[in-house]
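Take a look at the letters that make up each chain.
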Amino acid sequence: MLKNLQEKTKYFKYWKRAFGLVWRSAPTHTSFWALFLILQGILPVLTVYLTKLVIDGIVAAKNSGGDWPRVSRAIFYLALMGLVLLVTEAVKQLSAWVRTAQAESVSDHLADKIHKQAAELDFAYYESAEYHDLMEQARGDSSSKPLALLESIGAVVQNIITVVAFAGILITYGWWLPLVLLAGTLPALYVTLRTDRIYHRWWKSKSDDRRWANYYDAMLTHSNAAAEMRLFGLSKYFRTLYQAKRSGLREEKLKHLRRQGIGKLLAGSFALLAAVGAIGWMAVRVLYNLASLGDLGVFYQIFSRGQTLMGALLGNVGSTANNSLYLENLFTFLDLGSKVVSPADPHPIFSTIEKGINFKSVTFCYPDSTAPALSDFNLFIPADGVVALVGVNGAGKSTLIKLLSRFYDPTEGAIEIDGVDLRRFDVRELRQKLSVLFQFPMHYHSPAGENIALGNVEKPVDDKEVTTAARRAGAHDFIMRLPEQYRTLLGKWFVNGTELSGGEWQRLALARAYYRQAPVVVLDEPTSFMDSWSEADWFDRFRRMVSGKTGIVITHRFTIAMRADVIHVIDGGQVLESGTHRELLKKDGFYADSWKKQMQAAGEFEPRMDNHPPNAGDSKIFT
Ligand code: ADP
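Residues numbered from 1 in each chain as written. Predicted model: local features only at pLDDT ≥ 70, side-chain atom pairs only at ≥ 80, totals over all residues. Heavy atoms only, no water.

Draft legend 1. Region of interest: the packing of helix α5 (residues 145-171) against helix α11 (residues 293-335). Remark: α5 packs on α11, axes separated minimally by 8 Å, with the N-to-C direction vectors making an angle of 155°. It follows from the interaxial angle that α5 and α11 lie roughly antiparallel. Viewed along their axes, α5 and α11 form a crossing whose handedness is left-handed. For the contact of α5 with α11, a count of residues per class yields 23 nonpolar, nine polar and two charged. (Axes fitted to C-alpha atoms, helices over the stretch in contact; angles between N-to-C directions. Helix = DSSP H or I, 4+ residues; strand = E, 2+ residues; numbered from the N terminus. Parallel < 35°, antiparallel > 145°, perpendicular 65-115°, else oblique. Left-handed = near helix turned anticlockwise from the far one by under 90°. Nonpolar A, V, L, I, M, F, W, Y, C, P; charged D, E, K, R; others polar.)

Laid out in structure tokens, this is it:
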């Protein structure tokens, strides 16, 4: 009982928030909307009452044999009726316009709120299925709900005004008549509320299925998947899966709607019976001269309109309840809190690193994972120079970068920069000091120059610096060959876009990293798209870029790792061994063993101790 009450008050809280939201995004439109709503509630009642006056006026004029005062009165009522109908139509059109304008403003305002929240939330949410559900619901159906809620509540208010006024007219004929109007619609109220609740519960339980269907749809339509779809002939496979999921959802939805329809038909028939009874009663009274023809007209109008109105009212009560249920998703999403936050009084951010980055006994377990990705991990990365982190897949290398970027915080231990725990810095300021070049950098569908300048949106675009960054990253030459050089729109999503190769996109991403001029530069498997020649060129460029800064490279490849100042071999979330290429070979441990195996595979039995391994491009430390 108490729980039930709490549930209900929860929805009232959502209503309050939804109204606040709508009001803040479009105050003027909302005021006009409310005014039109009241007018639309009153005008139908005026029309009905004028019907009586017009009919009785005409009958009186006819019975008087054309007596002018009576005729003119009938004409006056007719003209008034015409005016009211005109005003009704004008208010309807104005209100439709205001509602569209209001809907546009509210939806843009809400989209901005959702985008802000999505961009600021902990990275961890992006790696959880529940988050994707919430996100899908918040972006999809829920986002239109605050306005829909306002509309449905507005319609309820408008219909109530009309119904109450109708009831007021009916009472003058008999106190019990409004009760007939009400009683006729009670079964419909029950059916509407009940079936809507059942439908919503079903809809919510199917969010996983809808996400699967969206995923199959994305596989079939997204440009990223287009090549493999064709090459592996996967289209039929995904289409079948999509159709199977959709047909399940469709069947179930139709089943619900069928049930709803039957329930509403039965309830509607009951209401119709009540209306026929009431109109019949008045017809009998007219026959016995106990009422006028105008009274019958009023009755007919009230009961035929009244039934429709009550139907609409119930429908709106149903959709109000329904919209409230959906709002829960939207507000739950907007209320999601972040764990990775800035402290109240952040430590001043460093401009350059003096000593280095220290991972101190770091243990980290991903949310919902039992096995730690890093356990009691210790590593010091000096301020100046290039450090390579190497290891098999799943060793924990990328996790280190996620922790350094504060996408997550360590479960135990700490990461310090010059002795200051990362958690003491402002998160945004810390990230400004990092430049991470991911294995698959983003392909921004914007002009080439802007693609580079996005590396630092904190300052106005400096074309000279953009060109310098492009030159240093080896991107300038191919950009100059593009149809409009730095102004060429990249990507193929939009008209006149030009596509780049994987390697060219990576060079552009390197230019972006240059442009950022951050004191810490991290490269995550940066050269996967490149041949060995480009790779060597790339590393030289990287070394120049990080001179005087802290460079970290995550890599599988000998050709990259061996050029670093220090190599750390990571395995099972721990540092297995560290040293330069020569030192590690001398040590004859894990690294040397892998190296030898690679050299044997390449047809060389003696490991070479210089910096130029044979067939370097294909040499991977770990495969
Ligand atoms: P590497 O970059 O060395 O290939 P990662 O740092 O990506 O390895 O992964 C380290 C370990 O953490 C692996 O066992 C991997 O399965 C696990 N892991 C990585 N990302 C997640 C995640 N989002 N949720 C749960 N476990 C993860």
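Draft legend 2. Representation of the pattern of salt bridges. Taken as a whole, this structure holds 16 salt bridges when the rule is applied. The salt bridge partner of Asp 208 is Arg 211, with a shortest N-O separation of 3.0 Å. Of this pair, Asp 208 and Arg 211 both sit in helix α8 (residues 207-221), separated by three residues, roughly a single helical turn. The exposure class assigned to Asp 208 is partly exposed, which follows from its relative accessible area of 36%. Since its relative accessible area comes to 21%, Arg 211 is described here as partly exposed. Notably, a salt bridge pairs Arg 406 with Asp 409, separated by 2.8 Å at the nearest N-O pair. (Salt bridge = Lys/Arg side-chain N within 4 Å of Asp/Glu carboxyl O. Buried < 20%, exposed > 50% of the residue type's maximum accessible area, 1.4 Å probe, protein only.)

Draft legend 3. Representation of the sheet that holds strand β2 (residues 374-382). Pairing in this open sheet of four strands is antiparallel, and the strands run β2-β1-β4-β5 from one edge to the other. The outermost strands of the open sheet, each flanked by one partner alone, are β2 and β5 (420-421). As judged from the two bridges shared by strand β4 (residues 412-417) and β5, these two strands associate in the antiparallel manner. Within the sheet, the bridge partner assigned to Glu 416 lies in β5 and is Asp 421. (Pairing = 2+ DSSP bridges.)

Draft legend 4. View of a nonpolar patch on the surface. Taken together, the side chains of Phe 76, Leu 80, Leu 83, Leu 86 and Val 87 make up a nonpolar region of the molecular surface, amounting to roughly 460 Å² of accessible area. Here Leu 86 shows up in helix α3 (residues 68-120). (Patch = residues over 30% accessible without salt bridge, like charges linked within 9 Å, V, L, I, M, F, W, Y side chains within 5 Å. Areas by Shrake-Rupley, 256 points an atom, 1.4 Å probe, with all protein chains shown as cover.)

Draft legend 5. Seen up close, the sheet that holds strand β9 (residues 566-571). With respect to topology, six strands assemble into an open sheet ordered β6-β7-β8-β3-β9-β10, the strand pairing being mixed. Edge strands, defined here as strands with exactly one partner in the open sheet, are β6 (434-437) and β10 (574-579). Strand-to-strand, the axes of this sheet are offset by a mean angle of 20°, without reference to chain direction. The pairing of strand β3 (residues 385-390) with strand β8 (residues 550-555) spans six bridges and is parallel. Bridge pairing links Val 386 to Gly 551 in β8.

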